[in-house]
Amino acid sequence: KEGKERKEGERALPRATPQREAREGEGEARRAGGQAGAMFSFMKRNKKKKKGAAAEADGDVAMEDAGEAAAHVGSASAGQATGDGTQGDVDHGLETAQLRFVLQCDASLVSDREAVRAELLERISEENMVEYYLNTCEAGVLTQDDALLARMRKENTKKEEELQEKEKDAAENHGEIEVMEAQLKTAHFRALTGTKQEALEAYDKVASLKSMSTGQLIDVVLKKILLGFFWMDTDLVKANIAAAEKLLEKGGDWDRRNRLKVYRGLFSMVSRNFVKASEDFLAAVATFTSTELCTYDMFIFYTVITSVVALGRVDFKKKVIDSPEVLSVVREVPFLQDFMNNLHECQYKGFFVSLVNLNPKICTDRYLSMHKDWFFREVRVLAYKQFLESYKSVTMDSMAKSFGVSIQFLDRELAHFVSSRRINAKIDKVAGVIETCRPNETNAKYQTVIRQGDLLLNRVQMLSRAINV
């Protein structure tokens, strides 16, 4: 009986084999690695919280003085253009174009123009961007330096010879993949140093290779879209977005589809189609990989700006304000969180303050600045409508205090929007009261049907007369 129990005990105990010891060692290493990863994630979260608290503190200080706020945000826009963030490498050409645009803005929007000018010159000389430098000098942004121009042309000639040698060597001694890589390097070189037409010809040469797969062709088309944004050629961007969509129908991986959404959303924003831009941006928020186009902070900024106009109150709360991806970086953009929260929480005075503080950032962005007047008008109408929905009638004095503006300013604003039928209300100037007029949607639809029916009958009668003749 004792011998039987001893044998059963030996079977219950695991044998210390070398394989078992190795597995146990791997398990301990994985556990240690998991603990280290958890600690690294905790440190990253703490760092992000500290940065968010610092940004919020900076926002509170800047809101005390409107002039200091404008200078602060203008400086932030210039800093964003330099691409000093650690979230990804933005395309060198797009960063340079943003710096040039900042220099072309009003002096009150940029705190240190000389620093921006020095950064622009450094980036141009870094990649020897001869044609863009000449174009910038012709626009009056920079003063032409003949010595710098001669040096850049000399270095470009040397670099071009090296690239031609690599292409020749790849064609003679290597395969089609090496030839494609050499031509892509030449095309990228042309995109930075040459004219737009030279760069397009170089990319077309790459696309004409028989060894190009569908995915590689999509990459070339995306490079052309970047080139269009660099030169702000919307026709080129539109044509290549259509080409990329056709190629994706034939076949394209998940990453390229998501990148195209961001490209298409940015083009829609430039074209003032904020509804389409918001749709594409929100679809790519959780899977953003287009770091060559903009940083993730700027992408979230564009998403909030387009969505506040495109979405309703409920959808904006659900898709933007409560979005984990938006909340993770919204503090990195000064005043952006106050902007969207104050509007949703009906804190209209704070909303107008945050709108003023965001003005320099919007005005110094090369994609949004062309729509600044339209955007500020639309968000003001949105705020006024949201306020008046809660009242059948309200005094001008009460509404002016809620928005933190004077009665005279509010009277001019509402008179303009009421006369253009953007706001359904009536202003009693004598009594100082605003009376809301809630539109009857059923009656409006009925009148629309009657009007369209009359037009249809008129056209049928004209057609019958033409047939009888």
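Residues numbered from 1 in each chain as written. Predicted model: local features only at pLDDT ≥ 70, side-chain atom pairs only at ≥ 80, totals over all residues. Heavy atoms only, no water.

(A) View of unusual backbone geometry. Residues other than glycine seldom take positive phi values, yet Asn 128 does so here, at roughly 55 degrees. Phi is positive for Phe 335, which is not a glycine, with a value near 75 degrees.

(B) Fine view of the packing of aromatic side chains. With the rule as written, the count across this model stands at 23 aromatic pairs. Consider the rings of Phe 339 and Phe 375, whose centres lie 6.5 Å apart with planes at 40 degrees: the pair is tilted. With Phe 339 in helix α17 (residues 336-344) and Phe 375 in helix α19 (residues 372-388), the pair connects residues that are 36 residues apart, well separated along the chain. Both residues of the pair, Phe 339 and Phe 375, count as buried. (Phe/Tyr/Trp six-rings, centres within 6.5 Å; stacked < 30°, edge-to-face > 60°. Helix = DSSP H or I, 4+ residues; strand = E, 2+ residues; numbered from the N terminus. Buried < 20%, exposed > 50% of the residue type's maximum accessible area, 1.4 Å probe, protein only.)

(C) Geometry of helix α9 (residues 196-207). For α9, which comprises 12 residues, the first-to-last C-alpha distance of 17 Å matches the rise-based estimate of 16 Å (1.5 Å per residue) to within 8%. On its buried side, α9 packs onto α8 (176-193), α10 (214-231) and α11 (234-250). (Expected span 1.5 Å × (residues − 1). Contact = heavy atoms within 4.5 Å.)

(D) Just the side chain of Asn 342, in detail. Mapped onto the elements, Asn 342 comes out in helix α17. Here the side chain of Asn 342 touches Gly 350 through a polar contact of 3.3 Å, landing on its backbone oxygen. In contact with Asn 342, other than residues within four places in its own chain, are Gln 347, Gly 350, Phe 351 and Ser 354. (Polar contact = N/O pair within 3.5 Å; in protein donor to acceptor, adjacent residues only side chain to side chain.)

(E) Examining the pattern of salt bridges more closely. Across all of its chains, the model carries 21 salt bridges by this definition. Note that Lys 196 is salt-bridged to Asp 233, the shortest N-O span being 2.7 Å. Here the residue Lys 196 occupies a position in helix α9, and Asp 233 occupies one in the loop between α10 and α11, the gap between them amounting to 37 residues. Owing to a relative accessible area of 27%, Lys 196 belongs among the partly exposed residues under this scheme. Between Lys 429 and Asp 411 there is a salt bridge, with the nearest N and O atoms lying 3.0 Å from each other. (Salt bridge = Lys/Arg side-chain N within 4 Å of Asp/Glu carboxyl O.)

That's the geometry; what it means functionally is another story.
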